[in-house]
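Residues per chain, in single letters:
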Amino acid sequence: MAFCSSSRAPVASALLQICFCMLLLGAHGGFYRLYIVYLGDVKHGHPNDVIASHHDLLSRVLGSKEDSLASMIHNYKHGFSGFAAMLTEDQAKQLAEFPDVISVQPSRRCKTATTRSWDFLGLNNQVPSELLQRSNHGEDIIIGVIDSGIWPESRSFSDEGYGPVPSRWRGVCQTGQAWDHNNCSRKIIGARFYRAGVEEESLKDEYLSPRDKHGHGTHTASTAAGSLVEAASFHGLAAGAARGGAPRARIAVYKSAWGAAGVANSATVLAAIDDAIHDGVDILSLSLVVDENSFGALHAVQKGITVVYAAGNDGPSPQTVANTAPWVITVAASKTDRSFPTVITLGNGQQIVGQSLYYQGEKSYSDSFRSLAYGGPCTADVLNGTDFKEKIVLCESPKSPMTVGPLWVLPEALQKIKDGGGSGLIFVQYTTDMSLTDCKGFPCVLVDINTGKQITKYLVAASSPVARIELARSITGKEPPKVAAFSSRGPSTDYTDILKPDIAAPGANILAAKGDSYEIMSGTSMAAPHVTGIVALLKSLHPKWSPAAIKSAIVTTASVTDEHGVPILAEGLPRKIADPFDYGGGHIDPNRAVDPGLIYDINPSDYNYYFGCNIMKTSSSCEATRVAGYHLNLPSIAVPDLRNPITVSRTVTNVGEVDAIYHAAIQSPPGVKIDVEPPVLVFNAANKVRTFQVKLSPMWLVQRDYTFGSLTWSNGKKIVRIPIAVRIMIHDFYADVA
């Protein structure tokens, strides 16, 4: 999250070696920690002048230029102005008092959140779709990936057949451990890494270079823009041709996440964004959960860069969605139509099917029956002292969301059973969304609660119960997408008047590059680069579209039903029909997004007032003139506190047929009356932009939860739909939201 353009005295390096992102005792009292000082737009022509201005400012607090050099960690000098420095709380407060300083905030910790998925989205490489053909597979679009680095030797990053690096590229190939200039190429055109400010513990067993040690960044980069690779698979599972969404796009790497846990911090992420703006990327892809106010992303958007973030993996609980600034695209995760059925044969001949990633490893148990034992909840206290050597253990995960969930129980149970010499694990739970790549060839199978009861009945009835677990198979079919259980859900707790997430894309059991091979991973980290790849295709076809226009095209053309008109579902407790807090506008449909008909565009400068008053809160005048987020020209409407009728404006731009007439179709949220004026929009060569009013009125003064609806414009050919979420409130203390 070595910084090649920062100046630091040796004492700063010594300080780094002692500890970063931990509290340090200051010589003059107080504790040092890493703070981010934000100064707004760059006000000097040369980066060196910007850095000098930072030191001038910091010296006024610390007392000398030498102390400023020792304290400074990162300088933000390209896309925006600011710096990260080791400060005491008192020093931070002093800096905040200067008129040029917009904010001073502690740096916060961040964490990291395909052969079938692109076909599932209608981007088939064997018979290329019109979008792939017209965009030339995203050729020469530059995607900046802020993640854990990259493995350049992977076949997914071959530059065979690529032309010269685009002349507009201004980035560098920063060398380091196991990385030299030859590791950059016409595919990986630039690479940087950011270790300053990262805890030393996270740097252990790491490459101090752009090279990816643990695979997360390689996986996400190849999902977005990997070159075509035939015969890829995960130990024979999910076999096929692997590629990214924009396989001809270029990749710029910004390694900001470190260690097996993918630890980053907001100071280093901001440094990566600042450099990426300077380098000339077209898109930024961040499969990270970043706890910061997103001013870096705002500056990137104002430079025309589309920023794509993962929504987080804390679902299905509500109010968990992350990265919710209105100028970014926040991506939820969905399941595709590929599954990995695994047959369990019981001693009585009964065959039961679960899901696993069990492959032929060095030691396979698929050819013989093993004793079957009951492990109950399989917690550490239950398994301790239990003999399950050479046995398959049946474990039941907690069934209630009020207890510790299966994501926590499964890894512990798996490790205990493997350490104890067990032969397999059958894990009973309420969803099969969980990734089982940690099993590493060990037979562990997920089954649902009903199936688990069948196995339990046999286990209780049999005098010597046995079972056999066969190797998993890969199956694809016509199953519609579902929102994955782990995908974080809205509403946003930071900006309640902004509907998040924006869109859902495949994120469960995604095959992509890791090291020299391929691995299946799950998470919104995998969903975000799917959207990034699609953005690259759209950007190639519509180079003049703003980030807001691209976001609008994606959101307004998304699917909320399958091909038969059946609503998309969301996994959870219980499984339900998905709503905008699960998937925003719906499930992404790239072939429709390329020609959306109408777009909801936003001038990037329009975000400034919202940002200043709703996020930074820098002016006392904001309280009297605060503009609610639902007045931004977003492709969605979220009203968290409807007490009286309100009217919001929206403006659409016709990007389809010049002469067109669109009619409004309203699906009002239950309990809310919606009126649209005018109900018909007429476009021609002289009138490409139209504004309309949406009036939302509570039908009853009753305290309610959120309800959902939509507004759709249609001309008989194009359908342009935005989601609506409204909560009627009559008491401010009301807290129940979902």
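Residues numbered from 1 in each chain as written. Predicted model: local features only at pLDDT ≥ 70, side-chain atom pairs only at ≥ 80, totals over all residues. Heavy atoms only, no water.

This brings us to the overall build of the chain. Counting secondary structure elements, the chain contains 19 helices and 40 strands. About 28200 Å² of surface is accessible on the chain, with carbon and sulfur atoms providing 51% of the total. (Helix = DSSP H or I, 4+ residues; strand = E, 2+ residues; numbered from the N terminus. Areas by Shrake-Rupley, 256 points an atom, 1.4 Å probe, with all protein chains shown as cover.)

What follows covers the pairing of strand β9 (residues 229-234). In this sheet, strand β10 (residues 237-242) lies alongside β9 in antiparallel orientation, the contact comprising 3 bridges. Within the sheet, the bridge partner assigned to F234 lies in β10 and is L237. (Pairing = 2+ DSSP bridges.)

Taken as a whole and assessed by the stated rule, the structure comprises 2 disulfides. Here C378 connects covalently by a disulfide to C395, the sulfurs 1.8 Å from one another. Looking along the S-S bond of the C378-C395 disulfide, the torsion reads about -75°, which is the left-handed sense. Here the residue C378 occupies a position in the loop between β20 (370-374) and α11 (380-383), and C395 occupies one in strand β21 (residues 391-396), the gap between them amounting to 17 residues. Relative accessible area serves as the criterion here: at 0%, C395 is assigned to the buried category. (Disulfide = S-S within 2.5 Å. Buried < 20%, exposed > 50% of the residue type's maximum accessible area, 1.4 Å probe, protein only.)

Here the focus is the packing of helix α2 (residues 47-62) against helix α4 (residues 89-96). As a packed pair, α2 and α4 sit with axes 10 Å apart at the nearest point and diverge in direction by 125°. Our classification of the angle between α2 and α4 gives oblique. With respect to the hand of their crossing, α2 and α4 are arranged in right-handed fashion. Here L57, L58, V61 and L62 of α2 lie close against α4, whose contacting residues are Q91, Q94 and L95. Class assignment of the residues belonging to the contact of α2 with α4 gives a composition of 5 nonpolar, 2 polar and no charged. (Axes fitted to C-alpha atoms, helices over the stretch in contact; angles between N-to-C directions. Parallel < 35°, antiparallel > 145°, perpendicular 65-115°, else oblique. Left-handed = near helix turned anticlockwise from the far one by under 90°. Contact = heavy atoms within 4.5 Å. Nonpolar A, V, L, I, M, F, W, Y, C, P; charged D, E, K, R; others polar.)

The next thing to look at is the sheet that holds strand β12 (residues 263-265). Taken in spatial order, the 3 strands of this open sheet run β12-β6-β14, and their pairing is antiparallel. A single partner strand is all that each edge strand has here, and the edge strands are β12 and β14 (288-289). Relative to β12, strand β6 (residues 109-112) runs antiparallel, the two being bridged by 3 bridges. Across the sheet, the residue bridging to K111 is V263, located in β12.

This next bit is on the side chain of S227. Structurally, S227 is set in the loop between α8 (216-225) and β9. With a relative accessible area of 9%, S227 lands in the buried category. At 3.4 Å, the side chain of S227 forms a polar contact with the side chain of Y162. Non-local contacts of S227, meaning those with residues more than four positions away in its chain, are made with R155, S156, F157, S158, Y162, K187, A242, R243 and P247. (Polar contact = N/O pair within 3.5 Å; in protein donor to acceptor, adjacent residues only side chain to side chain.)

Moving on to the sheet that holds strand β36 (residues 672-677). Judged by pairing direction, the sheet is antiparallel, and its 4 strands sit side by side in the order β32-β34-β38-β36 without closing on themselves. Because the sheet does not close on itself, it has two edges, and the strands there are β32 (598-599) and β36. Here 2 bridges tie β32 to strand β34 (residues 646-654), and the two strands are oriented antiparallel to one another. Within the sheet, the bridge partner assigned to L598 lies in β34 and is N654.

On their own, these measurements won't tell you what the molecule is for.
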